[in-house]
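Chain and residue survey
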Amino acid sequence: MKESILKSKSYSFAIQIIELTKKLISEKKEFILTRQLTKSGTAIGALIREAEFGQSKRDFINKMNISLKEANETLYWLNLLKDTDYIDNEHFIELNCKCNELIAMLVATIKTSKKNLDK
């Protein structure tokens, strides 16, 4: 099932985000950007889990759309951290690819759900 893959990938991504932010806080003493990254990077999976028990198909789609927005925000913070030399290119590429993969899966889930909304 697509959602279960999405759930596991978003959870794994959240763990990687938390590991990165712990490292940035301890090694670089960076608190503001890492807080934003932690919030958006972990919200992706939390919203996917919340959507699982949506009150309706429209509620499910709404939660998935919010998750998509959080993923897009996460890309912003990752780019900002890379461009300000808080994270190296290797970390950036890995997390950027995983976040883009989540975005693609969320878009596909939303499109499919919208098609099935009227059925």
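In short, a report on the structure. Nothing here was measured: the structure is a model prediction, and the numbers come from that model.

1. Some details on the overall build of the chain
- If you tally the helices and strands in the chain, you get 4 helices and 0 strands.
- The N-to-C order of helical and strand elements in the chain reads α-α-α-α.
- A globule of 119 residues ought to have a C-alpha radius of gyration of about 14 Å, and the chain, at 15 Å, matches this closely.
- A principal-axis box enclosing the C-alpha atoms of the chain has dimensions of 50 × 20 × 20 Å.
- Relative to its 119 residues, the chain shows a buried fraction of 39%.

2. Thoughts on the nonpolar core
- Grouped together as the largest cluster of nonpolar side chains are 28 residues, with contacts concentrated most on Met64 and Leu106.
- Those elements that provide at least two residues to this core are helix 1 (2-28), helix 2 (32-52), helix 3 (57-83) and helix 4 (89-115).
- The greatest single-element share of this core, amounting to 9 residues, is contributed by helix 3.

3. So, the packing of aromatic side chains
- Summed over the entire model, instances satisfying the criterion amount to 1 aromatic pair.
- When the ring of Tyr76 is compared with that of Trp77, the centres are 4.9 Å apart and the planes differ by 75 degrees; the resulting orientation is edge-to-face.
- On the basis of relative accessibility, which here comes to 14%, the residue Trp77 falls in the buried class.
- For the cation-ring pair, Lys57 lies above Phe60, with the distance from its terminal atom to the ring centre recorded as 5.8 Å.
- Just above the ring of Phe92 sits the side chain of Lys82; from NZ or CZ to the centre is 4.9 Å.

About the thresholds
- Numbers given to residues run from 1 along each chain, matching the order in which its sequence is written.
- Under the rules for a predicted model, residues below a pLDDT of 70 receive no local features and side-chain atom pairs below 80 are neither given nor counted, while totals for whole chains, interfaces and linings still include all residues.
- Side-chain metrics rest on all non-hydrogen atoms present in the structure, leaving aside hydrogens and water.
- Counting from the N terminus, the helices are DSSP H or I runs at least four residues long and the strands are E runs at least two residues long.
- C-alpha atoms define the radius of gyration in this analysis, and the globule rule sets the expected value at 2.2 Å times the number of residues to the power 0.38.
- Relative accessibility thresholds used throughout: buried, under 20% of the residue-type maximum; exposed, over 50%; partly exposed, between the two (1.4 Å probe, protein chains only).
- Buried Ala, Val, Leu, Ile, Met, Phe, Trp, Tyr and Cys residues form a nonpolar core when they are joined through side-chain atoms within 4.5 Å.
- Stacked, edge-to-face and tilted are the three classes for Phe, Tyr and Trp ring pairs, Trp counted by its six-membered ring, which pair at centre distances within 6.5 Å; planes under 30 degrees apart are stacked, over 60 edge-to-face, the rest tilted.
- For a lysine, the NZ atom is tested; for an arginine, the CZ atom; a charge sits over a ring if that atom is within 6 Å of the ring centre and within 35 degrees of the ring normal.

Everything listed here is a matter of geometry and, on its own, says nothing about what the molecule does.
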